[in-house]
Amino acid sequence: MSKTLIIAEKPSVAQDIVRALTPSAGKFDKHDEYFESEQYVVSSAVGHLVEIKAPEEFDVKRGKWSFANLPVIPPHFDLNPIDKVKGRLNALVKLIRRKDVTHLINACDAGREGELIFRLIVQYAGTAKTAIAKPVERLWLQSMTPQAIREGFEKLRSDAQMLPLADAARCRSEADWLVGINGTRAMTAFNSRDGGFFLTTVGRVQTPTLSIVVEREEKIRKHVARDYWEVRGQFDAQAGQYEGKWFDPSWKKDEDLERRADRVWDRATADAIAKACLHQPATVTEESKPSNSSCGGLYDLTTLQREANSRFGFSAKTTLSLAQALYEKHKVLTYPRTDSRYLPEDYLNVAKQTAEMIASEDMPGPLRELATHARKALKEGYIKPTKKVFDNSKVSDHFAIIPTLQAPKSLTDIEAKLYDMVVKRFLAVFFPPAEFMVTTRISTVKAEGQQYNFQTNGKVLVKPGWLAVYGKEAQEDDANLVAVAPGEVVRTEGVDVKSLATKPPARYTEATLLSAMEGAGKLIEDEELRAAMTEKGLGTPATRAATIEGLLTEKYMVRDGRELIPTAKAFQLMTLLRGLQVDNLTNPQLTGEWEFKLSEMEKGRLNRDTFMAEIAAMTERVVQKAKEYDRDTIPGDYATLKAPCPKCGGVVKENYRRFTCTGKDGAAEGCGFSIGKIPGSRSFELHEVEKFLVDKKIGPLEGFRSKAGWPFTAELALVFDDELQNWKLEFDFGEDAKKAEADGEPVDFSAQTSLGHCPKCGGGVFEHGSNYVCQNAVGAGSSCDFKSGKIILQQPIELGQMQKLLSTGKTDLLENFVSNKTRRKFKAFLAFDKKEGKVMFEFEPRAAKPGAKTAAKPAAKSSAKATAAATEADDTASAAPAKKPAAKKAAAKKVAAKKTSKA
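Notes on the structure in this doc start here. (Residues numbered from 1 in each chain as written. Predicted model: local features only at pLDDT ≥ 70, side-chain atom pairs only at ≥ 80, totals over all residues. Heavy atoms only, no water.)

1. Details of the overall build of the chain
At step 1: Looking only at helices and strands, the chain has 22 helices and 31 strands in total.
At step 2: Here the analysis covers contacts within the chain between residues at least 6 apart in sequence; of these, 68% occur between residues at least 24 apart.
At step 3: When the accessible surface of the chain is split by element, carbon and sulfur atoms take 50% of a total near 43,300 Å². (Helix = DSSP H or I, 4+ residues; strand = E, 2+ residues; numbered from the N terminus. Contact = heavy atoms within 4.5 Å. Areas by Shrake-Rupley, 256 points an atom, 1.4 Å probe, with all protein chains shown as cover.)

Structure (structure tokens):
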């Protein structure tokens, strides 16, 4: 009997499909990698299982990252299995090739990436000579409830319908590969010309996004604060006192964006206004107008991420992860990776049923309060056809994020917060506008032949409308204005002059950066304008969070609270790309146009070959510009350091590659002192290099990379070279300490307080160089070998944690170790292992699976020789046993190749 193979994107979705089909398709037997009934075989990927690669003859190895091998523009792309999921891929290939499987259904996530995942798996399952020719249909799910899944099977889409989306998916993937591989290798080759290996990643979406952040930071740095003054009067009326702010009614906007009608630009004028008005009578005119505000539209992913960041501080990645769990695991939200804020016009009854569910279900905790608003919406007939909510022309492949008909049962606190946001917006969008009475009061003082105007604004909530859903049913106390009777003359009881200064533009947060990405670099507050720019944004709603996280991982940006701050590495990249005149890689709006073209391709309006030809031409130009650049430096806006030259006390200036002495008068000729800006593939921050020049030492610092690409942590030292007769930069892995040990020189710890007793010999443990060491492990006649690094796998080990380890045998759970093998963060305790005589990693015990027969094993400890007891030079090893040199080198190349292909 012939069978249909259904391939979902994740195992949990495959299980949901099996449960939904069982009533009609009969019992499914469970196998290791799939479920099978008489009619269906259901299996799944686990995200992407294969990745594109160039044919062998175009595969430029890491050691050959030179201009001679660029550009890489292959005529076609082969596929490579992703190692960690190779077993799942092989299982799917066997199922696809089964003779009794005559039909395929793509049940991957409804979108561009889901289409790509399925298409690449089927392509890989074919052979070089024979492609898989079995008919394909598409299951398009917006909701994961059983009913929605069954309805999806009743409306399967044909393969022909999905070909435009498949073309766009392949173009996006191949374009990113071409720009990432060629751009990254060209810029890396350029930056590595003087030796070393400075990995410089660029990407079709990540680099324009970084450009937005860097340009904002440049404005902040160049901003010069200007003093101004505001004059505020306190007016006494019969009913009480109110405040007004002086303004110039004749003021008009000009090119100076910092000017305002209520700003005074010299203190003397402000004081004169205050003096003239004090204790003077004022006449009052008032104008009151009704005003209303409507609720914003339903959520798409970007709007949800933006508001969750503003309200709760959630990162875009966290919001996407929570929304995906609410959709996939709990089945309480519709598909979250959407760019639409509207519902289909035939969804009115579904919206009413959803409101009925919210009104009737006993939801947990604070969610229970939403039932009142749902009942009111149903009773008052608020849920009705309106273009603000129901509009087929504004629905893309997906519609807005709304609650499903399934009530939540057991959500975590943060899941409940996000669900509450979506439900409130779903209900509030149907409620009537909030109504206000807005009053503008002008108090006019006439004195010394002059007329001085003070403005006071009041806003009174008349009807809460949709604000009631958010708990704003009553007027805030401070919004009411003290009443003034018609014709009443008030008295200027006091006048204050407030000294202020203009501020630079605010740094980007994830919320505002998501807005900027959505508007292709234009931070648009108006929702209608922003909606018009959506299809020309940077990336897609589903990929923007990953783009931001990628820039953070590559150390192009750092988080400071909610702010995103570009690093020196980011500024150097922008300087390079601007200097090479490679505008394509930095222009957000141009990249937004490409995203728009992919959207047009999805709709069948643009040819795949035309788009790829444009990408190839741009790639060739990028490589050519870098290859032909023959000047010594790149033009840019470079800094002059405050710290003097360590040799002659002259002025040290920055250029593209180095910090160089220019002499005591800043002339072109200096004393010859110069240090590189990017030692060990890590860019100096300005504050770091200034401290370094003064102290002659800095660190330990993270983020250095060896020539093989492995990350390490080290101190830097300025050392005087007798042969050069000048200072030079050197890495310090605790060499002074090692020398002291080798020469038997005593180490004086009398100025330090012991952190605790050595677990090996009982001696005192102290800070020494880049390690914590036993006092008996250094100096003449050392009798102990206990030591542990201050930074281990990029995780700083604070004094308090070392004290805890020495007193209790184990630190707290530390969360920021970074594996050298996978480059992923992991959590571990540090614990002293008496048997090994070293500080080792200890991991949390894994929770036993339900129904497991064996008890959970005790927490595993690393058996690696390269342990936490190692010095910083050895701390680049992971918690796994050390690899042989050849294997380690090969692994390094593999990591670098994967890294650049994703750039």
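So, next bit.
2. Details of the environment of D29
At step 1: If you trace the backbone, D29 turns up in strand β2 (residues 29-30).
At step 2: Counting along the chain gives 11 residues from D29 to V18, while the straight-line C-alpha distance between them is 10.0 Å.
At step 3: For D29, the residues in contact, after removing those within four places along its chain, are Y34, F35 and E36.

3. Notes on the nonpolar core
At step 1: Ranked by internal contacts, the top residues of the largest apolar core, which has 86 residues, are M187, L210, L580 and F611.
At step 2: Residues within four places of L210 in sequence aside, it is in contact with L551, Y556, M557, A570, L573 and M574.
At step 3: Ranked by size, the runner-up nonpolar core spans 50 residues in total, among them I358, L367, L411 and F431. (Core = buried A, V, L, I, M, F, W, Y, C linked by side-chain atoms within 4.5 Å. Buried < 20%, exposed > 50% of the residue type's maximum accessible area, 1.4 Å probe, protein only.)

4. Here's the deal with the pattern of salt bridges
Opposite charge on two side chains lets them pair, provided their charged atoms get close.
At step 1: For the structure on display, the rule yields 54 salt bridges.
At step 2: Put simply, K3 and E36 hold a salt bridge, and the shortest N to O gap is 2.6 Å. One end of the pair, K3, is in strand β1 (residues 3-8); the other, E36, is in strand β3 (residues 34-36), with 33 residues separating them in the sequence. Summarising the burial analysis for this pair, K3 and E36 share the class buried.
At step 3: The structure contains a network of salt bridges with shared partners spanning R112, E113, R172, D176, R204, E595 and E602. (Salt bridge = Lys/Arg side-chain N within 4 Å of Asp/Glu carboxyl O.)

5. Some thoughts on the sheet that holds strand β26 (residues 787-789)
At step 1: Taken together, 3 strands build an open sheet; the order of strands is β24-β25-β26 and the sheet is antiparallel. Pairing within the sheet leaves two strands with one partner each, and these edge strands are β24 (765-768) and β26. When strand polarity is set aside, the average angle formed by the axes of neighbouring strands in this sheet is 25°.
At step 2: Judged from the 3 bridges that link them, strand β25 (residues 771-774) and β26 form a sheet pairing that is antiparallel. Bridging from a neighbouring strand, V773 pairs with K787 of β26. (Pairing = 2+ DSSP bridges. Axes fitted to C-alpha atoms, helices over the stretch in contact; angles between N-to-C directions.)

6. Considerations on helix α13 (residues 510-518)
At step 1: The element α13 is largely enclosed, with a buried count of 8 among its 9 residues.
At step 2: Among all positions of α13, only E510, A511, L513, L514, S515, A516, M517 and E518 are buried.

7. Some remarks on the packing of helix α10 (residues 348-360) against helix α11 (residues 370-379)
At step 1: Where α10 meets α11, the closest approach of the two axes is 7 Å, and the angle between their N-to-C directions is 140°. When the axis of α10 is compared with that of α11, the two are oblique. The interaxial crossing formed by α10 with α11 has left-handed handedness. Mapping the contact onto sequence places K352, A355, E356, I358 and A359 in α10 and L370, A371, A374, R375 and L378 in α11.
At step 2: For the contact of α10 with α11, the per-class residue count stands at 7 nonpolar, no polar and 3 charged. (Parallel < 35°, antiparallel > 145°, perpendicular 65-115°, else oblique. Left-handed = near helix turned anticlockwise from the far one by under 90°. Nonpolar A, V, L, I, M, F, W, Y, C, P; charged D, E, K, R; others polar.)

8. A few points about the packing of aromatic side chains
At step 1: Here the structure, examined in full by the defined rule, presents 24 aromatic pairs.
At step 2: Plain terms: the ring middles of Y347 and F399 are 4.9 Å apart, the flat faces sit at 50° to each other, and that makes the pair tilted. Taken together, the positions of Y347 in the loop between α9 (316-328) and α10 and F399 in the loop between α11 and α12 (413-428) put the pair 52 residues apart, joining distant regions of the chain.
At step 3: Their ring planes at 5° and their centres at 4.6 Å tell us that F749 and F766 sit as a pair that is stacked. Taken as a pair, F749 in the loop between α20 (735-743) and β24 and F766 in strand β24 lie far apart in primary sequence, 17 residues in all.
At step 4: Accessibility expressed as a relative area gives 7% for F766, which makes it buried.
At step 5: Among the aromatic residues, ring-to-ring pairing joins F817, F826, F841 and F843 into one connected group.
At step 6: One cation-aromatic arrangement involves R441 over Y242; the distance from NZ or CZ to the ring centre is 4.6 Å.
At step 7: Lying across the ring of W727, K696 places its NZ or CZ 5.3 Å from the centre. (Phe/Tyr/Trp six-rings, centres within 6.5 Å; stacked < 30°, edge-to-face > 60°. Lys NZ or Arg CZ within 6 Å of the ring centre and 35° of its normal.)

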